[in-house]
Amino acid sequence: MESNKYLDDISEIKNMMSRSSRFISLSGLSGVLAGVYALIGAAFAYFRLQEFSLIDKVDYGRRLNSAPIETGLILDLVIIAVFVLTAAIITGAVLSIRKAKKSGENVWNPSSRRLLVNFCIPLFIGGVFSLVLIQYNISWLVAPTTLIFYGLACVNASKYTLGDVFYMGLAFIIIGLISTQFIGYGLYFWALGFGVFHILYGGVMYFKYDRN
């Protein structure tokens with residue numbers, strides 16, 4: 001009996017240390033909704049690209065790499081991306097705050113601050129690099145770049161949150177690297193990563209952590 005109590009105490013201490021060093025109130029449902037937003041955004045982008053005959057063309061990659069894309073199209077795609085990102089951030093913040101309140105965790109603590117900083121640094125660098133690619137008319141690499149840097153952001157931030165985020169980050173990096181070999185299908189890989197992968201991982205995290 002005493003040995004069992006001792007083991008229980010050790011387990012409780014480990015749990016307390018984990019809570020103090022990691023932000024564990026990320027909402028799995030927010031990941032699912034982020035994936036839904038991404039798929040909706042990809043659908044809008046698809047139909048917008050169709051208007052410029054940049055979808056389902058054999059020479060898609062060569063065209064994006066050799067001919068300037070109209071400013072109006074770029075602006076529309078950026079607006080779509082901003083709307084998707086904004087909706088995902090707001091949803092994630094609201095649901096995570098609600099989850100933190102239910103579990104009695106302070107949503108703005110040293111762990112959440114470290115999580116935010118470590119997540120935003122690679123994400124910001126990837127965003128700037130994507131703009132540079134657009135500037136030099138290498139737009140066909142934008143989708144792989146966003147996938148890879150988002151994956152790096154997840155891996156970098158996983159030290160301060162749920163361990164599942166690390167594996168999600170690896171999945172994004174892999175899908176981003178694979179997409180570099182399939183010029184002309186960047187939007188499909190982008191939808192697979194930010195849409196389908198988010199829904200799958202968000203669902204896993206929801207059933208693993210949120211239902212309890």
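Residues numbered from 1 in each chain as written. Predicted model: local features only at pLDDT ≥ 70, side-chain atom pairs only at ≥ 80, totals over all residues. Heavy atoms only, no water.

### Description of the pattern of salt bridges
Moving on, step 1. For the structure on display, the rule yields 2 salt bridges.
Moving on, step 2. For aspartate 76, the salt bridge is made with arginine 48, and the minimal N-O distance between the two is 2.4 Å. Within this pair, whereas aspartate 76 is found in helix α4 (residues 71–103), its partner arginine 48 is found in helix α2 (residues 28–51), the two being separated by 28 residues in sequence.
Moving on, step 3. Residue classification places arginine 48 among the partly exposed residues on the basis of a relative accessible area of 21%.
Moving on, step 4. The closest approach of N and O atoms between aspartate 164 and lysine 208, which form a salt bridge, is 3.3 Å. (Salt bridge = Lys/Arg side-chain N within 4 Å of Asp/Glu carboxyl O. Helix = DSSP H or I, 4+ residues; strand = E, 2+ residues; numbered from the N terminus. Buried < 20%, exposed > 50% of the residue type's maximum accessible area, 1.4 Å probe, protein only.)

### Points about helix α5 (residues 110–135)
Moving on, step 1. Relative to the 38 Å expected for 26 residues at 1.5 Å per residue, α5 spans 37 Å between its end C-alpha atoms, a close match to the ideal helical length.
Moving on, step 2. If you check which residues of α5 are buried, you get Ser111, Ser112, Leu115, Asn118, Pro122, Gly126, Ser130 and Leu133.
Moving on, step 3. Of the residues trailing α5, asparagine 137 is marked for its positive phi of about 60°. (Expected span 1.5 Å × (residues − 1).)

### A short note on the environment of leucine 49
Moving on, step 1. One can find leucine 49 in helix α2.
Moving on, step 2. By relative accessible area, leucine 49 is classed as buried at 9%.
Moving on, step 3. Between the C-alpha atom of leucine 49 and that of leucine 187, which follows or precedes it by 138 residues, the distance is 9.8 Å.

### Things to note about the confidence of the model for the protein
Moving on, step 1. Confidence in the prediction of the protein, expressed as mean pLDDT, is 80, and 78% of residues score 70 or more.
Moving on, step 2. In the model, residues 6–21 has pLDDT below 50 throughout and makes 9 contacts with residues more than four positions away in sequence or in other chains.
Moving on, step 3. Confidence drops under a pLDDT of 50 for residues 56–67, and excluding neighbours within four residues, the segment shows 22 contacts in the predicted structure. (pLDDT = per-residue confidence, 0-100. Contact = heavy atoms within 4.5 Å.)

### Concerning helix α7 (residues 164–179)
Each full turn of the α-helix corresponds to 3.6 residues, which orients residues three or four apart in the same direction.
Moving on, step 1. With 16 residues, α7 should reach 22 Å at 1.5 Å per residue; the first-to-last C-alpha distance of 23 Å fits that figure.
Moving on, step 2. Of all the positions in α7, only Asp164, Val165, Met168, Gly169, Ala171, Phe172, Ile173, Ile175, Gly176 and Ser179 are classed as buried.
Moving on, step 3. Those residues of α7 that are buried lie in contact with α6 (142–157) and α8 (186–210).

### Quick look at the packing of aromatic side chains
Moving on, step 1. Across all of its chains, the model carries 13 aromatic pairs by this definition.
Moving on, step 2. Judged by centre distance (5.8 Å) and plane angle (35°), the rings of phenylalanine 182 and phenylalanine 189 are tilted.
Moving on, step 3. Overall, the relative accessible area of 42% leaves phenylalanine 182 in the partly exposed class.
Moving on, step 4. Seen from their ring centres, tyrosine 206 and phenylalanine 207 are 5.4 Å apart, and the 80° between their planes marks the pair as edge-to-face. (Phe/Tyr/Trp six-rings, centres within 6.5 Å; stacked < 30°, edge-to-face > 60°.)

### Thoughts on a nonpolar patch on the surface
Moving on, step 1. A cluster of nonpolar side chains, contributed by Val117, Ile121, Phe124, Ile125, Val128, Phe129, Val132 and Tyr136, occupies part of the molecular surface with about 770 Å² of accessible area.
Moving on, step 2. Mapped onto the fold, phenylalanine 129 is located in helix α5.
Moving on, step 3. Residue class for phenylalanine 129 comes out partly exposed when judged on its relative accessible area of 39%. (Patch = residues over 30% accessible without salt bridge, like charges linked within 9 Å, V, L, I, M, F, W, Y side chains within 5 Å. Areas by Shrake-Rupley, 256 points an atom, 1.4 Å probe, with all protein chains shown as cover.)

### Examining the environment of glycine 127
Moving on, step 1. Relative to the helices and strands, glycine 127 resides in helix α5.
Moving on, step 2. Residue glycine 127 is classed as partly exposed on the basis of its relative accessible area, which comes to 35%.
Moving on, step 3. Considering only alpha carbons, one finds glycine 127 and threonine 146, 19 residues apart in sequence, at a separation of 7.1 Å.

### Description of unusual backbone geometry
Moving on, step 1. Positive phi values are uncommon outside glycine, yet asparagine 137 reaches one of about 60°.
Moving on, step 2. For asparagine 137, a relative accessible area of 17% puts it in the buried group.

### Some points on the packing of α5 against α6
Moving on, step 1. At a minimum axis distance of 8 Å, the contact between α5 and α6 shows a crossing angle of 165°. Relative to α6, the element α5 is oriented roughly antiparallel. For α5 against α6, the interelement crossing comes out right-handed. For the pair α5 and α6, contact is made by Leu115, Asn118, Phe119, Pro122, Leu123, Ile125, Gly126, Phe129, Ser130, Leu133 and Ile134 and by Val142, Thr145, Thr146, Phe149, Tyr150, Leu152, Ala153, Cys154, Asn156 and Ala157, respectively.
Moving on, step 2. Among the residues forming the contact of α5 with α6, the class breakdown is 15 nonpolar, 6 polar and no charged. (Axes fitted to C-alpha atoms, helices over the stretch in contact; angles between N-to-C directions. Parallel < 35°, antiparallel > 145°, perpendicular 65-115°, else oblique. Left-handed = near helix turned anticlockwise from the far one by under 90°. Nonpolar A, V, L, I, M, F, W, Y, C, P; charged D, E, K, R; others polar.)

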